[in-house]
Amino acid sequence: MSAGRRDILLALGFAALLAMVPLVFGTRYIISQITLFFIWGIVVTQWNLVLGVAGIFSLAQMALFAIGAYATAMLAYYGAFPLLAAMPLAALVTVAASLLIGFACLRLKGAYVALLTLAVAQVIYLIVVNDTACFTNPPSGCLPLFGGVRGFSRFGDLGFRDLLGSKFYIGHYYVGLGLLLAAQIFCIILIRGPLGLAFRALRDNPGYAMSRGVGRLRYQLWVFGLSAFFTGLAGAFYAANFGVVGPIVFSVSMLLFLLAMIVVGGMGTVWGPLLGAALLMAADEGLREFGTLREIGLGLVLAIFVILLPRGLSGLRRR
Amino acid sequence: MSLLEIEGLEAGYGAQAVLHGLNLTIGEGSFAALVGPNGHGKSTTLRAISGLLRARAGSIRFAGARIDRLRPDQIVAEGIIHVPQGDMLFPELTVIENLRLGAYLPKAAAEARTRLDEVFSLLPKLRERQDQVASTLSGGERRMVGIGRGLMAGGRLLMLDEPSLGLAPIVIDQIYEVVRHLAVSGRTILVVEENAMRIAELADRMHLMDNGRIAWDGLGSEFLSRPEIRAAYLGG
Amino acid sequence: MEIFIQVIASGLTLGAMYAVSTIGLALVYSALNMLNMSQGALLAFGGYVCFYAMETLGLPAPVAMLAAMVVGGGLGLAIYLLVARPMLGSPMFETQIFIATIGIGSVLQSVVLQLFGPQPKAQPLNVPGGVSLGGVVVPWQSLLILTIALAMLAGVAWLLGRTRAGLAIRATAQNRDAAQLMGIRIGQVYAQVLMLSGALAALSGIMVSSLSGLLPTMGADPMLKAFVICVVAGLGNVPGAAIAALLLGLLEAIIQYLFGVQYAFAILLGLVIGVLIWRPYGLFGKRQVVRL
Ligand SMILES: Nc1ncnc2c1ncn2[C@@H]1O[C@H](COP(=O)(O)OP(=O)(O)OP(=O)(O)O)[C@@H](O)[C@H]1O
Ligand SMILES: [Mg+2]
């Protein structure tokens, strides 16, 4: 059995197990936390493709997530789109944005890409929070075009409240699970398939691969754009799930948290990022009441892993 | 008496092993040449001696003491001077700054003034070019700066990696003039050369390299008088 | 005319402030290929150490500044020894150190938050009053910042250009292997460069906080600006970074005047992104050959 087929079966198996969780544990808290894990899981699997597979040191990934979330909220709020239609549209908007960022940044070398994508993310953030001119005046008060510091709320839901009543969060759980499954299968296909092979060739022997016509930029743009689709979709689902979107999605500690998941789990591996996400979310649960110490712990975990275990936990197996 | 003794040296890059148990001894005051086909590990040998590359096994002794665990700067301080392949100048510094860096360590710095005069008399072109930035020099001038920079350091063993590589015939002649001068000056020298015949006329001892080992060594005159050796190790 | 002088004065002050922390970053990148993402936290640390020394310990301003620079240098050294050195030989060094210093930066920033709390504080190092120049009152504070910054830049230029240690730093930046073959102990060079950069960051943090106050997160924006300046100059180009810092400071002052403070940074970054699309290796950068 090929590695790709094995991983896909594994993914389906995990999904089946997770699908049974709501039947066993009923509490809303656990279900919503796992739903959040699905969201971060999608983001880190896609970021891992960009970072660990395509070798693009992009820090704009959270900005793409934010674009997905904001686009959903804005389409629903201003355009009165139903969320089910707004979500895929928002994902496409995210792809368009990623291609723009990609064209601007990907011709540059590693460190430049990191700084430039960080700058792009910061520009987007600043535009959102610094815009204070009222675009509309709903009963709750002045609302800037991009929501300002308060962000958007009351832009509709996925309809599970009507369907399931107070158990609507279980509906969200299954939507999240489905999206994560799709995103992870996409990752497996990409890493184990021809595109992944091309990237390994580029990484191991850039000169040779280049001379065989493996154009780096074109492949990078493909990965960047495709992963942006799922990242944007994750953002869209985040908006739908919580019913609010604000500038907190741009915060540095969020970026740090997600980056740490990838590094702890193992950059460039198929399962590492999800493992890291699960572990760090569990650890975070334990550290929640420690406030500042949580940030210190997170920073230390990130640094210590990069220093002592740069291949992450998944790298331990291959030692 | 031998100045440099290498036994069972193994070294390489990442997973790739390049040197597989190399033995090499160089006598004090002798002129040794290391020759062999491309990619068989000549430069790797020099890099291991000067500490740029860590030996994975074996030992390197210099004047009787182990040096294979020292840092490159400590090895330079011991007196091993390595003029690397491809010059490796400091591109944004001027010729004179490059030369001065050759005498960076305090011991060499004390003698920098007289050494600079020696270098300029040996390579007069450098005197004219002293304020030019290294990245704007011609290939031949660059090579001269590289060699001059090595000479500035003094030292007890001078290692030159392919001093004539990629130069026009007339420049090669000039470089060989310098090498000849060094050969008769009584310094201990290890030179890596492509052109085995030409270096054999100057060298006391020839060391032929084959796949990470020394396959044959002997006197320069012996090498010249036995064409079958050339045929066997250097492909004619 | 008056507005012109005002904009120039505030632009130069901004630029000089940026230049101090930017050359530190550029120096570290040129010597080690290391983007130090904890620079912002070092800025904050410097600002708070100065605050603590003056406010709590009652030390005079010059001593407090010196103390802050010593602490900054010490942190720089610690970052070299504990974070950078263990991964120096790694083929992924650039990526690894980037991520690791993001983590360290978060740790340092949280330590500041833990020690001093989240409320904004005023930097006691503040000179009141101003001097009238062509009908405009230029605050003494700005002139002081400008003077200290220019003195610092001159000091660094002297260090790099005229001293043995500076020559070793430049040689290491230009060719690591060759520097070692000259007998330069590059580990020591790295340590010195990070110490210097840490001390400069602390000083820059004092300057920034003397204008806009102390906050644990105060380093984030100046750091991003410093990075942007480095990128515009071409990563690792130290003199270029100083010039670009002054230019961008002026540009920022002009944008602030024309479009208002809240858009200055966004427009500046937008412009920079434009510059990079037009010249991918920075204004003064050379096209780097990709090593195969
Ligand atoms: N930095 C490096 N990383 C990986 N492999 C290397 C590196 N330098 C050299 N090699 C490999 O080590 C082997 C020996 O190289 P080395 O430079 O020692 O050969 P050489 O005998 O000096 O050849 P030449 O005459 O071409 O200079 C070659 O196969 C080469 O590809
Ligand atoms: Mg060679």
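Each chain has its residues counted from 1, following the order in which its sequence is written. Chains carry letters and ligands carry numbers; both start at the beginning, A for chains and 1 for ligands, and go up in the order they are written. Reporting in this predicted model follows two pLDDT cut-offs: at least 70 for local features of residues, and 80 or more for side-chain atom pairs to be given and counted; totals over whole chains, interfaces and linings ignore these cut-offs and use all residues. Calculation of side-chain values draws on the structure's entire complement of heavy atoms; hydrogens and water are dropped beforehand.

Peer 1: Can you walk me through the interface of chain C and chain A in this structure?
Peer 2: Buried accessible area, meaning the area lost when the parts come together, often serves as the stated size of an interface. The partner chain A presents 37 residues to the 42 residues of chain C that form the contact. Definition used for salt bridges: Asp or Glu carboxyl oxygen within 4 Å of a side-chain nitrogen of Lys or Arg. At the boundary of chain C with chain A, the tally comes to zero salt bridges. Pairs of N or O atoms are called polar contacts if they sit within 3.5 Å, as long as, within protein, a hydrogen donor faces a hydrogen acceptor (for residues adjacent in sequence, only side-chain-to-side-chain pairs). Taken together, the links from chain C to chain A amount to two residue pairs in polar contact (both at pLDDT 80 or more). Strands here are runs of E lasting at least two residues and helices are runs of H or I lasting at least four, both read from the DSSP assignment and numbered beginning at the N terminus. Listing elements by their share of the side of chain C that touches chain A, those giving two or more residues are α3 (61-84), α4 (93-116), α9 (220-233) and α11 (261-278) of chain C. Sort the elements by how many residues they give to the side of chain C that touches chain A and α4(C) lands first, with 15 residues. Contacts are assigned to residue pairs that have any heavy atoms within 4.5 Å of one another.

Peer 1: Which parts of the structure should I look at to understand the pattern of salt bridges?
Peer 2: A pair can form between side chains of opposite charge whenever their charged atoms are brought close. This model, assessed by the stated rule, comprises 19 salt bridges over all chains. When the shortest N-O distance is used, the salt bridge between Arg205(B) and Asp217(B) registers 3.3 Å. With Arg205(B) in strand β9 (residues 205-210) and Asp217(B) in strand β10 (residues 213-219), this pair connects stretches of sequence that are twelve residues apart. Arg205(B) gets classed as partly exposed once you look at its relative accessible area, which sits at 32%. Residue Glu252(C) pairs with Lys225(C) through a salt bridge whose shortest N-O separation is 3.1 Å. Highlighted residues: Glu252(C) in helix α10 (residues 238-259) and Lys225(C) in helix α9, separated in sequence by 27 residues. The exposure class assigned to Glu252(C) is buried, which follows from its relative accessible area of 3%. For every residue, the accessible area obtained with a 1.4 Å probe (protein chains only) is divided by the maximum for its type, and the residue is called buried under 20%, exposed over 50%, and partly exposed between those limits.

Peer 1: Quick question: what am I supposed to make of the site of ligand 1 here?
Peer 2: All names here are of chain B. Residues in close proximity to ligand 1 total 13 residues, the closest being Asn 38, Gly 39, Lys 42, Ser 43 and Thr 44. At 3.3 Å, a backbone N or O of His 40 approaches an oxygen atom of ligand 1. Those elements that provide at least two residues to the shell around ligand 1 are β2 (16-27) and α1 (42-49). Among the elements that line the shell around ligand 1, the one with the most residues is α1, at three residues. In terms of residue class, the shell around ligand 1 is made up of three nonpolar, eight polar and two charged. Residue proximity to a molecule or strand is established when one non-hydrogen atom of the residue lies within 4 Å of it. Residues are sorted three ways: Asp, Glu, Lys and Arg are charged, Ala, Val, Leu, Ile, Met, Phe, Trp, Tyr, Cys and Pro are nonpolar, and all the rest, Gly among them, are polar.

Peer 1: Whenever I open this one, the coordination of the magnesium ion (ligand 2) confuses me. Can you help?
Peer 2: Octahedral six-donor coordination of a metal ideally yields angles of 90 or 180 degrees, compared with 109.5 degrees for tetrahedral four-donor coordination. In this listing, donors mean N, O and S atoms no farther than 2.8 Å from the metal, or 3.2 Å for Na, K and Ca; water is missing from the atoms, so a site can look incomplete. Protein ligation of the magnesium ion (ligand 2) involves Ser43(B) (OG) and Gln85(B) (OE1), the donor distances falling in the range 1.9 to 2.0 Å. Residue Ser43(B) is located in helix α1, and its partner Gln85(B) is located in the loop between β6 (80-83) and α3 (95-102); the two are separated by 42 residues in the primary sequence.

Peer 1: What exactly am I supposed to notice about the packing of helix α5 (residues 110-130) of chain A against α11(C) here?
Peer 2: Packed helices, taken two at a time, are described by the angle their axes make and the gap between the axes. One way to put it is that α5(A) packs onto α11(C) with a least axis distance of 9 Å and a crossing angle of 150°. In terms of their interaxial angle, α5(A) and α11(C) are classed as roughly antiparallel. Along this stretch, α5(A) crosses α11(C), giving a crossing that reads as left-handed. On α11(C), the residues touching Leu116(A), Ala119(A), Val120(A), Gln122(A), Val123(A), Leu126(A), Ile127(A) and Asn130(A) of α5(A) are Gln262(C), Tyr263(C), Phe265(C), Ala266(C), Leu269(C), Gly270(C), Ile273(C) and Leu276(C). Each residue belonging to the contact of α5(A) with α11(C) can be placed in one class, and the counts come to twelve nonpolar, four polar and no charged. Structural elements are reduced to axes, namely lines fitted to C-alpha atoms, with helices fitted over the stretch in contact, and the angle between N-to-C directions of any two is expressed from 0 to 180 degrees. Angle categories are assigned with fixed cut-offs, so that under 35 degrees is roughly parallel, over 145 is roughly antiparallel, 65 to 115 is roughly perpendicular, and the rest are oblique. Put simply, a crossing is left-handed when the front helix is turned counterclockwise from the back one by less than a right angle, and right-handed when it is turned clockwise.

Peer 1: Whenever I open this one, the domain arrangement of chain A confuses me. Can you help?
Peer 2: Residue and element names in this part refer to chain A. Boundaries of every domain are those given by an automatic assignment or by a domain database. Here chain A is described as being made up of domain 1 (3-248) and domain 2 (251-319). The gap between the C-alpha centroids of domain 1 and domain 2 is 19 Å. Taken residue by residue, the interface counts 27 residues in domain 1 and 20 residues in domain 2. The term buried area refers to how much accessible surface (probe radius 1.4 Å) is lost by two components on association, counted for both of them together. Both sides together, the interface formed by domain 1 and domain 2 hides about 2100 Å², and carbon and sulfur atoms give 77% of it. When the buried area of domain 1 at its contact with domain 2 is split by residue, Phe 37, Trp 40 and Val 44 rank highest and sum to 26% of it.

Peer 1: Help me understand the pairing of β9(B), please; the structure alone is not making it clear to me.
Peer 2: Consecutive side chains of a regular strand alternate in pointing toward one face of the sheet and then the other. Residues and elements named next belong to chain B. Think of it this way: DSSP has to see at least two bridges between two strands before they count as a pair. As judged from the four bridges shared by strand β3 (residues 31-35) and β9, these two strands associate in the parallel manner. Bridge assignment links Val 35 to a residue of β9, and that residue is Leu 208. Hairpin connection from β9 to β10: two residues lie between these consecutive antiparallel strands, with Asn 211 at a positive phi of about 50°.

Peer 1: Explanation requested: the environment of Leu32(C) in the structure shown.
Peer 2: Residue and element names in this part refer to chain C. Take Leu 32: it is sitting in helix α1 (residues 2-32). On the basis of relative accessible area, Leu 32 is assigned to the buried category, the value being 0%. Expressed as a C-alpha distance, the spacing of Leu 32 and Phe 93, which sit 61 residues apart in the sequence, is 9.4 Å. Setting aside residues no more than four positions away along its own chain, Leu 32 makes contact with Tyr 80, Ala 84, Leu 88, Phe 93, Arg 176, Tyr 190, Val 193 and Leu 194.

Peer 1: Where do I start with α3(B) in this structure?
Peer 2: An α-helical segment advances 3.6 residues per turn. Residues three or four places apart therefore align on the same side. With respect to burial, α3(B) is a largely interior element, six of its eight residues being buried. Listed in full, the buried residues belonging to α3(B) are Val95(B), Ile96(B), Asn98(B), Leu99(B), Leu101(B) and Gly102(B). Next to the buried residues of α3(B) lie α5 (112-122), α6 (124-128) and α7 (139-152) of chain B together with α6 (164-174) of chain C.

Peer 1: Sorry if this is basic, but what is going on with unusual backbone geometry here?
Peer 2: When glycine is set aside, most residues are seen to have a negative phi, and most peptide bonds are trans. All names here are of chain A. The backbone of Ala 80 shows a phi angle near 55°, a positive value even though the residue is not glycine. Following the sequence through the fold, Ala 80 ends up in the loop between α3 (61-79) and α4 (83-105). Here Ala 80 falls in the exposed class, since its relative accessible area comes to 63%.

Peer 1: I tried to follow the nonpolar core on my own but got confused; where do I start?
Peer 2: General note: in soluble globular proteins, nonpolar side chains tend to be found buried as a group. Residues belong to a common nonpolar core when they are buried Ala, Val, Leu, Ile, Met, Phe, Trp, Tyr or Cys residues joined through side-chain atoms within 4.5 Å. Formed by 278 residues in total, the largest nonpolar core has its most connected members in Trp40(A), Met206(B), Leu32(C) and Ile184(C). Of all the elements, helix α2 (residues 28-53) of chain A adds the most residues to this core, at 15 residues. Looking at this core, you find at least three residues from each of domain 1 (3-248) and domain 2 (251-319) of chain A. Apart from residues no more than four positions distant in its own chain, Trp40(A) is found in contact with Met62(A), Phe65(A), Tyr238(A), Met254(A), Leu258(A), Met261(A) and Met281(A). Membership of the second largest hydrophobic core comes to 28 residues, among which are Leu4(B), Ile6(B), Leu24(B) and Ala55(B).

Peer 1: Hey, could you run me through the packing of aromatic side chains in this one?
Peer 2: Residues and elements named next belong to chain A. A pair of Phe, Tyr and Trp rings is counted when the ring centres sit within 6.5 Å of each other, with Trp represented by its six-membered ring. The angle between the planes then sorts it: under 30 degrees is stacked, over 60 is edge-to-face, the rest tilted. For the coordinates displayed, the defined rule picks out 24 aromatic pairs over all chains. Residues Tyr 70 and Phe 152 carry aromatic rings whose centres are separated by 6.2 Å and whose planes lie at 80° to one another, so their mutual orientation is edge-to-face. Of this pair, Tyr 70 sits in helix α3 while Phe 152 sits in strand β3 (residues 152-153), and the two are 82 residues apart along the sequence. For Tyr 70, a relative accessible area of 5% corresponds to the buried category. Owing to a relative accessible area of 2%, Phe 152 belongs among the buried residues under this scheme.

Peer 1: What exactly am I supposed to notice about the side chain of Gln184(A) here?
Peer 2: Residue and element names in this part refer to chain A. As for its position among the elements, Gln 184 is in helix α7 (residues 168-192). Judged by relative accessible area, Gln 184 falls into the buried class, the value being 3%. Sequence-distant contacts of Gln 184, that is, excluding residues within four places in its chain, are made with Ala 11, Thr 45, Val 270, Trp 271 and Leu 274.

Peer 1: How should I be thinking about the interface of chain C and chain B in this particular structure?
Peer 2: Across the boundary between the two partners, chain C contributes 17 residues, which contact 22 residues of chain B. A combined buried area of about 1900 Å² lies between chain C and chain B, and 62% of that area is made up of carbon and sulfur atoms. Sorting the residues of chain C by area buried against chain B places Gln174(C), Leu181(C) and Met182(C) first, and these three jointly supply 36% of that buried surface. As a salt-bridge pair, Asp177(C) and Arg47(B) come within 3.1 Å of each other at their nearest N and O atoms.

Peer 1: Is there a simple way to think about the sheet that holds strand β4 (residues 57-62) of chain B in this case?
Peer 2: In a beta sheet, neighbouring strands pair by backbone hydrogen bonds and run either parallel or antiparallel. Residues and elements named next belong to chain B. One open sheet accounts for four strands, arranged β2-β1-β4-β5; its pairing is antiparallel. Bordering the open sheet on either side are β2 and β5 (65-66), each of which pairs with just one other strand. Looking at chain direction, strand β1 (residues 2-13) and β2 are connected through nine bridges and run antiparallel. Within β2, the residue paired with Ser 2 across the bridge is Gly 27. α1 contacts β1, β2 and β4 of the sheet and is inclined by roughly 115° relative to β1.

Peer 1: Which parts of the structure should I look at to understand the sheet that holds β9(B)?
Peer 2: Residues and elements named next belong to chain B. One open sheet accounts for six strands, arranged β6-β7-β8-β3-β9-β10; its pairing is mixed. Two strands bound the open sheet, and with one partner strand each, they are β6 and β10. Recorded for the sheet is a direction-independent mean angle of 15° between the axes of neighbouring strands. As defined by bridge partners, strand β7 (residues 157-161) adjoins strand β8 (residues 188-193) across five bridges and the pair is classed as parallel. What sits directly across from Leu 160, in β8, is Val 191.

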